[in-house]
Amino acid sequence: MKRNVVLQLTGVERHYGQGGTLLSILKGADFSISKGEIVALVAPSGTGKSTLLHVAGLLEHPDGGEVNINGHACDGLSDEKRTAIRRSQIGFVYQFHHLLPEFSALENIMMPQLIAGLSWKEAGERAGQLLDYMRIGHRGSHRPGELSGGEQQRVAIARAVANAPTLLLADEPTGNLDPETASYVFDALEALVRQSGLAALIATHNHELARRMDRRVTISDGKIVDF
Ligand SMILES: Nc1ncnc2c1ncn2[C@@H]1O[C@H](COP(=O)(O)OP(=O)(O)OP(=O)(O)O)[C@@H](O)[C@H]1O
């Protein structure tokens, strides 16, 4: 295996049964991403981007092949072990922020850290740093409903990396933002990845953002190919 590989997929298969027929979405998909890399996943709707992110993020089991995270094969592991790896190693960002509406931006970012066992003080300090890093330090006490779409997504990104994961998986993180805001949110995300050495796989329909990433891959006939 190459050095610093964070995620490696080997021969990954994923099929769904639908009305008596089998829908094959991933058919022997191979992919790897290393520390510090940002990779765009650009593919037409329905080709399996979310499926791929779910399998890579240990939210779904592949029907064949291997998912390896930081050198650990994850497929034979118990659900508890998979959950533990997911919580400590993987951060997720979705198109819609899924922030808790009754908590402030700062508290939303503190939440995963408190669950992981950090003290209130430690979690608050790191959440504050991340908000500053995402250039919204002045918005910490605001609830999600009091933030703009771009600010909400920056809080969601900060929350995803609050527990210092090694892999960030994002499904259309700027999909509901206007192009200028999308570009600004991506700037913050990129700075964070560069600074922390995360590996980030980002599904997007935005070709301009995809061009700014280190590599671009697509899904073609159930396989992952560079383009
Ligand atoms: N749990 C499921 N059961 C049956 N079919 C499913 C299931 N999940 C996904 N699919 C099907 O698998 C295909 C790929 O879905 P997926 O959500 O991965 O696509 P996508 O590339 O992310 O699409 P989009 O860009 O529209 O979000 C779709 O045809 C979808 O209907």
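Residues numbered from 1 in each chain as written. Predicted model: local features only at pLDDT ≥ 70, side-chain atom pairs only at ≥ 80, totals over all residues. Heavy atoms only, no water.

### Here's the deal with the overall build of the chain
Test applied: A helix here means a DSSP run of H or I that spans at least four residues, while a strand means a run of E at least two residues long, and both kinds are numbered starting from the N terminus. The atom set for the radius of gyration is the C-alpha atoms, and the globule formula is 2.2 Å times the number of residues raised to the power 0.38. Buried means the residue's accessible area, taken with a 1.4 Å probe over protein chains only, is under 20% of the maximum for its type, while exposed means over 50%, and partly exposed covers the values in between. Accessible areas in this description were obtained via Shrake-Rupley with a 1.4 Å probe; residue shielding takes into account the shown protein chains only. The charge count includes Lys and Arg as positive and Asp and Glu as negative, but it does not include His or the ends of the chains. Note that the charge is assigned to NZ on lysines, CZ on arginines, CG on aspartates and CD on glutamates.
Check the secondary structure of the chain and you find seven helices and ten strands. Its C-alpha atoms give the chain a radius of gyration of 17 Å, within 12% of the compact-globule value 17 Å for 227 residues. Put simply, the chain has 227 residues, and 48% of those count as buried. When the accessible surface of the chain is totalled, it reaches about 10,700 Å², and 50% of it is carbon and sulfur. Each charge class in the chain can be summarised by its mean position, and for the 23 positive and 26 negative side chains these summaries are 3 Å apart.

### Some thoughts on the site of the ligand
The line we're drawing: Definition of nearness: a residue and a molecule or strand are near each other if at least one heavy atom of the residue lies within 4 Å of the molecule or strand. Polar contact criterion, stated in full: a pair of N or O atoms within 3.5 Å, where within protein one must be able to donate a hydrogen and the other to accept it, and residues adjacent in sequence count only if both atoms are side-chain atoms.
Near the ligand lie 13 residues; those nearest to it are Ser45, Gly46, Lys49, Ser50 and Thr51. At 2.8 Å, a backbone N or O of Ser50 approaches an oxygen atom of the ligand. Within the side chain of Thr51, an N or O atom sits 2.6 Å from an oxygen atom of the ligand. Summarising the interface, the protein chains cover 61% of the accessible area of the ligand, which totals 640 Å² for the free molecule. Those elements that provide at least two residues to the shell around the ligand are β1 (5-18), β2 (21-34) and α1 (49-56).

### Observations concerning the UniProt feature "domain: ABC transporter" in the chain
Our working rule: UniProt positions are given in the numbering used here, feature names are shortened, and annotations may be inferred rather than shown by experiment.
Under the UniProt annotation, the feature "domain: ABC transporter" is placed at residues 7-227. The span residues 7-227 is 36% helical and 28% strand by assignment, and the distance between its end C-alpha atoms comes to 19 Å.

### Section: the sheet that holds strand β5 (residues 72-73)
Which entries qualify depends on this criterion: Only strands that DSSP links by at least two bridges are regarded as paired with each other.
Across the sheet, four strands lie side by side as β2-β1-β4-β5; this open sheet has antiparallel pairing. In this open sheet, the two strands that pair with only one neighbour each are β2 and β5. As defined by bridge partners, β1 adjoins β2 across eleven bridges and the pair is classed as antiparallel. Within the sheet, the bridge partner assigned to Glu13 lies in β2 and is Lys27.

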